[in-house]
Amino acid sequence: MNIVIREYEPSDRNDLLNLYEKDGDFFMSIDSLKRCRKGDGYAEHFVKEITDDITKKEGKIYVAETEGKVVGVIAGSISYLESDVESIDTKRGRVTELFIEQNYRGQHIGSQLMQKIETYFKEQNCNIINIEVFAENPNAQKFYDTHGYKPRNIDLIKVLK
């Protein structure tokens, strides 16, 4: 299978909408607390959010394509964190989205997308990269660990009944 990693184009929008529909289904299926939902306009909301984010900030969206079909996406933006009493000046790359269609996982597409966004962040002189991972997605945590990402902050939740 020939995978091409390239920059997102507006003509990819419908493919991204299809990916986000599947993404929503996936997150609902692994959410043991049942806090995720896929309301009306779910995919439209997220595609608009990532495209707006890179328009407002420095950033990129890359897609993985095979046989004319987009099967994966990665998005990242850059922000500046000024030093304070507990941290140093930081130019941070943030991976805001990474999703590979289920049938294409395990074929190193995610790694290719990660390499592309990391190269972009390095070219922009970022000194760290952050990624938020859903705690109930151990496969994603393992994937990021193999790419050198380590936990920094842990956000806990308790559902009140």
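For the structure itself, consult the block above.
None of the values given here were measured: they were computed from a predicted structure.

(A) Representation of the nonpolar core within the structure. Counting 21 residues, the largest nonpolar core has Y62, A64, I74, I109, L113, I117 and F121 as its most contacted members. Of all the elements in the fold, those that place two or more residues in this core are strand 2 (59-66), strand 3 (69-81), strand 4 (90-100), helix 3 (109-123) and helix 4 (138-146). Among residues more than four places away in sequence, those in contact with I109 are I3, A64, V71, I100 and Y104. Ranked by size, the runner-up nonpolar core spans 15 residues in total, among them V63, V70, A75 and F99.

(B) Focus on the packing of aromatic side chains. Per the stated rule, a full pass over the model turns up four aromatic pairs. Ring geometry for Y120 and F121: centres 5.7 Å apart, planes at 50 degrees, overall tilted. A relative accessible area of 1% means that F121 is categorised as buried. Ring centres 5.3 Å apart and planes at 70 degrees place the aromatic pair F143 and Y144 in the edge-to-face group. Y144 sits in the buried class, given a relative accessible area of 9%. By the ring-pair criterion, three or more aromatic residues cluster together here, those being F143, Y144 and Y149.

Procedures and definitions
- Residues numbered from 1 in each chain as written.
- Predicted model: local features only at pLDDT ≥ 70, side-chain atom pairs only at ≥ 80, totals over all residues.
- Heavy atoms only, no water.
- Core = buried A, V, L, I, M, F, W, Y, C linked by side-chain atoms within 4.5 Å.
- Buried < 20%, exposed > 50% of the residue type's maximum accessible area, 1.4 Å probe, protein only.
- Helix = DSSP H or I, 4+ residues; strand = E, 2+ residues; numbered from the N terminus.
- Contact = heavy atoms within 4.5 Å.
- Phe/Tyr/Trp six-rings, centres within 6.5 Å; stacked < 30°, edge-to-face > 60°.

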